[in-house]
Amino acid sequence: MAPRGETSTAAGQVPAAVDRSAVVDQLGFVRWLVSKEGPISRYDRAGKAALVGQRADGRPVMGEGDHEGAYVGGARFGEMVMPRRRLSFKVVDPDKFAAWAIASGYGGEVETKQRVRPAFLEKLKKAAESSGAARGQLQMVHPRTGELVDVPGVEVALGDLVPMFTAAPDAEEILRQAHERGHLAALLGAVLAPAPLPVSEEEPREGAPVNAG
């Protein structure tokens, strides 16, 4: 093994100009940060749980359709959005689902072993997703009559809330400047800190409103 700081002579040799020790240190740090049990993953889980939680008065911390800008040093580097929850469909009894499809005139969608074709279920999913009433009642839309129906063998539920972050086109430059000005240290420190996330009862900060979409 080559001494620390020296490059290997094996195949795929790293150019001598590269400070291998520094790269190993930095890459190791990054890999630790994003590892399953590292601080980034821990904060990601804790942050998601905090945003989908509820305040003391029962209001959601971040409701469906809400969005808020992410700032560092006063500069916006992205936006967090809480998308509308999608409906979840689970075929809990394939035989009952197949029997319903046959009785409803969709025998051609049932395969030889009494299994409804996945494409037909997707059709039912899309119809339910586009119907506000179906979402509210957790039912499906009959493809022929348009009526809301409980389909035997299919369980309909709302999926989990999952906040989504979109980085600004110039996020890398904003964060680089924030680092140069010393603003990034506090943000990184908060992520690395093991303390649990508080759920604030305060209104959104000025300049970063939460808007319902």
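Please read these numbers as outputs of a predicted model, since none were measured by experiment.

Description of the overall build of the chain
Okay, so step 1: Secondary structure summary: the chain contains 7 helices and 10 strands in total.
Okay, so step 2: Per-residue burial for the chain yields a buried fraction of 26% across its 213 residues.
Okay, so step 3: By sequence separation, contacts in the chain at least 24 residues apart represent 54% of the contacts at least 6 residues apart.

Topic: the side chain of Glu-129
Okay, so step 1: With respect to the helices and strands, Glu-129 occurs in helix H4 (residues 118–129).
Okay, so step 2: Filtering out sequence-adjacent residues up to four positions away, Glu-129 remains in contact with Arg-84, Arg-86, Leu-87 and Arg-135.

Observations concerning the packing of helix H1 (residues 20–34) against helix H2 (residues 39–51)
Okay, so step 1: One way to put it is that H1 packs onto H2 with a least axis distance of 4 Å and a crossing angle of 25 degrees. In terms of orientation, H1 lies roughly parallel with respect to H2. Between H1 and H2, the residues in contact are Trp-32, Leu-33 and Val-34 and Pro-39, Ile-40 and Ser-41, respectively.
Okay, so step 2: Residues of the contact of H1 with H2, tallied by class, amount to 5 nonpolar, 1 polar and no charged.

Description of the confidence of the model for the chain
Okay, so step 1: The predicted model of the chain averages 79 in pLDDT, with 81% of residues at 70 or higher.
Okay, so step 2: Of the regions scoring below 50 in pLDDT, residues 206–213 engages in 18 contacts with residues more than four places distant in sequence or in other chains.

Thresholds applied
- Residues numbered from 1 in each chain as written.
- Predicted model: local features only at pLDDT ≥ 70, side-chain atom pairs only at ≥ 80, totals over all residues.
- Heavy atoms only, no water.
- Helix = DSSP H or I, 4+ residues; strand = E, 2+ residues; numbered from the N terminus.
- Buried < 20%, exposed > 50% of the residue type's maximum accessible area, 1.4 Å probe, protein only.
- Contact = heavy atoms within 4.5 Å.
- Axes fitted to C-alpha atoms, helices over the stretch in contact; angles between N-to-C directions.
- Parallel < 35°, antiparallel > 145°, perpendicular 65-115°, else oblique.
- Nonpolar A, V, L, I, M, F, W, Y, C, P; charged D, E, K, R; others polar.
- pLDDT = per-residue confidence, 0-100.

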